[in-house]
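Commentary on secondary and tertiary structure
In case you want the letters, here they are:
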Amino acid sequence: MNIGKYTFKTPVILAPMAGITDLPFRNLCYQLGADLCVSEMVTAEKHLWKSRKTRLRLDHTDAKGIRSVQIAGTDPIKLADAAKYNVKHGAQIIDINMGCPAKKVCNVLAGSALLKDEALVADIIAAVVNAVGVPVTLKIRTGWDEQNKNAVNIARIAEQNGIQAIAVHGRTRADAYSGEAEYETIAEVKASVSIPVIANGDIINPEKARAVLDTTGADGIMIGRAALGN
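Since the model is a prediction, treat every value here as computed from it, not as a measurement. Residue numbers here run from 1 along each chain, matching the order of that chain's written sequence. Two thresholds apply to this predicted model, a pLDDT of at least 70 for residue-level local features and 80 or more for giving and counting side-chain atom pairs, whereas whole-chain, interface and lining totals are computed over all residues. To obtain the side-chain values, all non-hydrogen atoms of the structure were used and water was disregarded.

1. Overview of the overall build of the protein chain
When helices and strands are tallied, the protein chain shows nine helices and 11 strands. The reference for a compact globule is 2.2 Å times residues^0.38; the radius of gyration itself is calculated from the C-alpha atoms. Scaling as 2.2 N^0.38, a compact globule of 230 residues should have a C-alpha radius of gyration of about 17 Å, and the protein chain matches this with 16 Å. If one aligns the C-alpha atoms of the protein chain with their principal axes, the spans along those axes are about 40 × 40 × 30 Å. Here the protein chain holds 230 residues, and 54% of them are scored as buried. Of the contacts made within the protein chain by residues no fewer than 6 positions apart, 69% connect residues no fewer than 24 positions apart. The secondary structure listing takes helices from DSSP runs of H or I that are at least 4 residues long and strands from runs of E that are at least 2 residues long, numbered from the N terminus. Each residue is placed in one exposure class: buried if its accessible area under a 1.4 Å probe, protein chains only, is under 20% of its type's maximum, exposed if it is over 50%, and partly exposed if it falls in between. In what follows, residue pairs with any heavy atoms lying within 4.5 Å of each other are defined as contacts.

Given below as structure tokens:
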């Protein structure tokens, strides 16, 4: 699997998790064999970039491995500016957040709320991809709810607009973190696009990882809460 100039062999990726995947945690996961670790999400709102929280998230001093930074927001121009700002501060891959189910994120129509507006998704991706010279990736869920699963459409839009890899969490936004992740939608996404697809959700041990790869045909796996638990 390739993301721009970076090559991975069946990658194991640390999911971006706010309040968890800070620099020390990412370095630890790299030491333990992760192929790629994604940062906590960085807001696209400029007035928050100088806050202590964001300044810490922008610090890549002594960072190990590839520096992948996730950005979050709703405005294509602001997200493009955020991408450029983070590349200037050391990001080697930019990841766009369209998967966060948190109420405070979705209430401002960011995160997984963006899945309800496919035209805006296209505008955001195009703006960010055209703003930077590094690879841009995308993280999504299967859809807003069971009646509105549009991950396949979103993945096609992503591919058409220059996204170089897409991670899919096997739950809808309405599911939050309840129940069990499903992988059929991830398999459908994999069959629909030619860019790398990364499977995410309830991957808690090597046996489950192997089963998910076999079920979905995904190019890699992304581990979130299980990495924090162990």
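2. Looking at helix H5 (residues 118–131)
Between its terminal C-alpha atoms H5 stretches 20 Å, which fits the 20 Å expected from 14 residues at 1.5 Å a residue. For H5, the set of buried residues is Val121, Ala122, Ile124, Ile125, Val128 and Val129. For H5, the angular spread of buried residues about the axis comes to 165°, placing them on one side. For H5, exposure combined with an orientation more than 90 degrees from the buried face picks out Ala119 and Asn130. The span expected for a helix works out to 1.5 Å for each residue beyond the first. Note that the arc is defined by the directions from the helix axis to the C-beta atoms.

3. Thoughts on the packing of H5 against helix H6 (residues 151–160)
The interhelical angle for the contact between H5 and H6, taken along N-to-C directions, is 30°, at an axis separation of 9 Å. Between H5 and H6, the crossing angle belongs to the class labelled roughly parallel. Handedness of the H5/H6 crossing: right-handed. Along its contact with H5, which presents Glu118, Val121, Ala122 and Ile125, the element H6 presents Asn153, Ile154, Ile157 and Ala158. Amino acid classes used here: Ala, Val, Leu, Ile, Met, Phe, Trp, Tyr, Cys and Pro are nonpolar; Asp, Glu, Lys and Arg are charged; the rest, including Gly, are polar. Grouping the constituent residues of the contact of H5 with H6 by class yields six nonpolar, one polar and one charged. Fitting a line to C-alpha atoms yields each axis, with helices limited to the stretch in contact; the angle taken between N-to-C directions then spans 0 to 180 degrees. Each angle receives one of four descriptions, namely roughly parallel if under 35 degrees, roughly antiparallel if over 145, roughly perpendicular if within 65 to 115, and oblique otherwise. Whether a crossing is left-handed or right-handed is set by the direction in which the near helix is turned from the far one by less than a right angle, anticlockwise for left-handed and clockwise for right-handed.

4. Quick notes on the pairing of strand S7 (residues 93–98)
Burial of S7 is extensive: six of the six residues sit out of reach of the surface. Burial along S7 is two-sided: Ile93, Asp95 and Asn97 facing one way and Ile94, Ile96 and Met98 facing the other are all buried. Across four bridges, strand S6 (residues 67–72) lies against S7 in parallel orientation. Looking across to S7, one finds that isoleucine 71 is bridged to isoleucine 96. Strands are treated as partners if at least two bridges between them are detected by DSSP.

5. Re the packing of aromatic side chains
Stacked, edge-to-face and tilted labels apply to pairs of Phe, Tyr and Trp rings (six-membered ring for Trp) whose centres lie within 6.5 Å, assigned for plane angles under 30 degrees, over 60, and everything in between, in that order. In this structure the tally under the stated criterion is zero aromatic pairs. Lying across the ring of tryptophan 144, lysine 116 places its NZ or CZ 4.0 Å from the centre. Put simply, a charge is over a ring when the Lys NZ or the Arg CZ is close to the ring centre, within 6 Å, and near the line of the ring normal, within 35 degrees. It is arginine 141 that lies over the ring of tyrosine 177; its NZ or CZ is 5.0 Å from the centre.

6. Points about the environment of methionine 222
Looking at the element boundaries, methionine 222 is found in strand S11 (residues 220–223). As a C-alpha pair, methionine 222 and lysine 190 span 32 residues in sequence and 15 Å in three-dimensional space. Beyond its immediate stretch of four places on either side in the chain, methionine 222 contacts Ile13, Leu14, Ala15, Pro16, Lys139, Ala167, Ile198, Ala199, Asn200, Gly201 and Ile203.

Keep in mind that these numbers describe shape and distance, not what the molecule does.
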